[in-house]
Amino acid sequence: MTDPNEAPIRDDREARRYVLDIDGQSAVVIYNEAGGGLLITETLVPQALEGQGIASRMARFVLEDIRARGLLVLPTCPFFASYLKKHPEWTDIVHPSYRIALGL
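Not measured: the values here are computed from a predicted model. (Residues numbered from 1 in each chain as written. Predicted model: local features only at pLDDT ≥ 70, side-chain atom pairs only at ≥ 80, totals over all residues. Heavy atoms only, no water.)

A.B. asks: So, the sheet that holds strand β4 (residues 37-44): which residues are in play, and what are the values?
C.D. replies: Reading across from one edge, β1-β2-β3-β4-β5 is the order of the five strands in this open sheet, with mixed pairing throughout. Each edge of the open sheet is held by one strand with a lone partner, namely β1 (9-12) and β5 (72-75). Taking each pair of neighbouring strands and ignoring which way they run, the sheet shows an average axis angle of 30°. Summarising the sheet, β4 and β5 pair through four bridges and their orientation is parallel. The residue of β5 that forms the bridge with L38 is V73. Taken strand by strand, helix α2 (residues 78-86) contacts β3 (25-34), β4 and β5, and its axis lies near 120° from that of β5. (Pairing = 2+ DSSP bridges. Helix = DSSP H or I, 4+ residues; strand = E, 2+ residues; numbered from the N terminus. Axes fitted to C-alpha atoms, helices over the stretch in contact; angles between N-to-C directions. Contact = heavy atoms within 4.5 Å.)

Rendered as structure tokens:
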């Protein structure tokens, strides 16, 4: 089995998703470009890959990429919203209206 911490995450911009492929299965973070940032709509991890920290690893990668690109994150995905509440170090790249909605 591929180590989920070693497998590369890629941004498939054409499909508007970040992808992590592990042993023939794909975990994805789906987004749309909006308002000077990325509107994160869904985080999907196959059931067989759950409980390995994959969604959190992908969230960190996506947020690092958003920051490096000088964009903002607009988290409509429940997982991302929860992750951002637990990790205030990312508040500076959360779109101002989402900061208010999330209580950041």
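Here the narrative resumes.
A.B. asks: Residue-level account of the environment of D12, with values.
C.D. replies: Here D12 shows up in strand β1. Residues D12 and A48, spaced 36 residues apart in sequence, show a C-alpha to C-alpha distance of 23 Å. When residues no more than four places from it in sequence are discounted, the contact partners of D12 are R17, V19 and Y31.

A.B. asks: Describe the pattern of salt bridges, listing the residues and the values that go with them.
C.D. replies: Oppositely charged side chains can form a pair if their charged atoms are brought close together. A complete count under the given rule lists six salt bridges for this structure. In this structure, the salt-bridge partner of R10 is D21, at a minimum N-O distance of 3.1 Å. With R10 in strand β1 and D21 in strand β2 (residues 17-22), this pair connects stretches of sequence that are 11 residues apart. One salt bridge in this structure joins R13 and D11, with 3.1 Å as the shortest N-O distance. Owing to a relative accessible area of 48%, R13 belongs among the partly exposed residues under this scheme. (Salt bridge = Lys/Arg side-chain N within 4 Å of Asp/Glu carboxyl O. Buried < 20%, exposed > 50% of the residue type's maximum accessible area, 1.4 Å probe, protein only.)

A.B. asks: Describe the pairing of β2, naming the residues involved and giving the relevant values.
C.D. replies: Sheet analysis places β1 next to β2, joined by four bridges and oriented antiparallel. Across the sheet, D11 pairs through a bridge with Y18, a residue of β2. From the end of β1 to the start of β2, which pair antiparallel, there are four residues, and R16 there has a positive phi angle of about 55°. As paired strands, β2 and β3 are joined by six bridges and run antiparallel to one another. Note that in β3 the partner of L20 across the bridge is A27. The loop that links β2 with its antiparallel partner β3 comprises two residues; one of these, D23, has a positive phi angle of about 50°.

A.B. asks: Give a description of the nonpolar core that names residues and reports values.
C.D. replies: One broad trend across soluble globular proteins is that nonpolar side chains are buried collectively. Within the largest apolar cluster, 25 residues are counted, with the highest numbers of intra-cluster contacts made by Y18, L20, I40, M58, L63, V73 and F80. Of all the secondary-structure elements, those providing two or more residues to this core are β2, β3, β4, α1 (54-68) and α2. The biggest single contributor to this core is α1, with six residues. Here M58 is in contact with I9, Y18, V19, L20, A27, V28 and V29, once residues within four sequence places are set aside. (Core = buried A, V, L, I, M, F, W, Y, C linked by side-chain atoms within 4.5 Å.)

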